[in-house]
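# Coordinate analysis (summary)
Spelled out, the chains give:
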Amino acid sequence: REMVKPDTVASAIKKLARAEFAVAFDYETTGIVDQHDLGRVRCVAFATGRDEFWVRADEPGFHEFMVDWLKSDQKKLAHNSIFERRVSVAEFGVWPTNLCEDTLAMHSLIDSNSKHGLKEICETLLNAEPWDLGLQDDEWATAEINELGTYCLDDARWTWDLWRHLEKQLTG
């Protein structure tokens, strides 16, 4: 997979402003330590159906950008939104406003007996090629940032595509 370079905060703000539908987002952290410590955010990726991009957490203005975006009324979606909510509160002190779609929950409504992992669902329903970094729990903190951001971007992109697919199934 070709590495995708990160966007700046200024570019991300412009791309989010022109999103017409919901925005899928995904965090990658230094790694989950335990149920109380989800690690520190290293990057976040966004997919809008029009634009797909990621931003490094060490980018100048990142924290303020995320606080503002998380507080915005823009419709947000995630796969396993509990994780994104918990990380948003722990890292930015913000409960995400209008995080109203969760593809894990949507898939559970359609098929409660199968696995609900993003990759498994996308491989089955969307014929996605497998994507994985193959990292052990203690390697997320030191993974090369462009590789991690590209992986994060794949998660956000597939979350957005899956949302569109499941939304059609659920609303007929």
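Just so we're clear, the structure is a prediction, and the values are computed from it rather than from any experiment.

As a further point, take helix α6 (residues 145–171). Counted at 1.5 Å a residue, the expected span for α6 with its 27 residues is 39 Å, and the 38 Å between its end C-alpha atoms agrees. Two to three positions downstream of the cap, the backbone nitrogen of N146 sits 3.1 Å from a side-chain oxygen, assigning the N-cap of α6 to E144.

Bringing the packing of aromatic side chains into the picture now. All told, the structure shown has 11 aromatic pairs when counted by the stated rule. Centroid distance F46 to F65: 6.0 Å. Interplanar angle 70°. Geometry classified as edge-to-face. Of the two residues, F46 is situated in strand β2 (residues 41–47) and F65 in helix α2 (residues 62–71); the sequence distance between them amounts to 19 residues. We note that F46, like F65, is buried. Relative to Y151, the ring of W140 lies with its centre 5.7 Å away and its plane at 55°, an arrangement referred to as tilted. On the criterion of sequence distance, the pair formed by W140 in the loop between α5 (118–125) and α6 and Y151 in helix α6 is long-range, its members being 11 residues apart. The exposure class of W140 is buried, given its relative accessible area of 15%. Each member of the aromatic cluster is reached from another via a ring pair, and the members are F25, Y27, F46, F53, F62, F65, W69 and F92. Directly above the aromatic system of W69 lies the positively charged group of K76, at a separation of 5.0 Å from the ring centroid.

Calculation criteria
- Residues numbered from 1 in each chain as written.
- Predicted model: local features only at pLDDT ≥ 70, side-chain atom pairs only at ≥ 80, totals over all residues.
- Heavy atoms only, no water.
- Helix = DSSP H or I, 4+ residues; strand = E, 2+ residues; numbered from the N terminus.
- Expected span 1.5 Å × (residues − 1).
- Polar contact = N/O pair within 3.5 Å; in protein donor to acceptor, adjacent residues only side chain to side chain.
- Phe/Tyr/Trp six-rings, centres within 6.5 Å; stacked < 30°, edge-to-face > 60°.
- Buried < 20%, exposed > 50% of the residue type's maximum accessible area, 1.4 Å probe, protein only.
- Lys NZ or Arg CZ within 6 Å of the ring centre and 35° of its normal.

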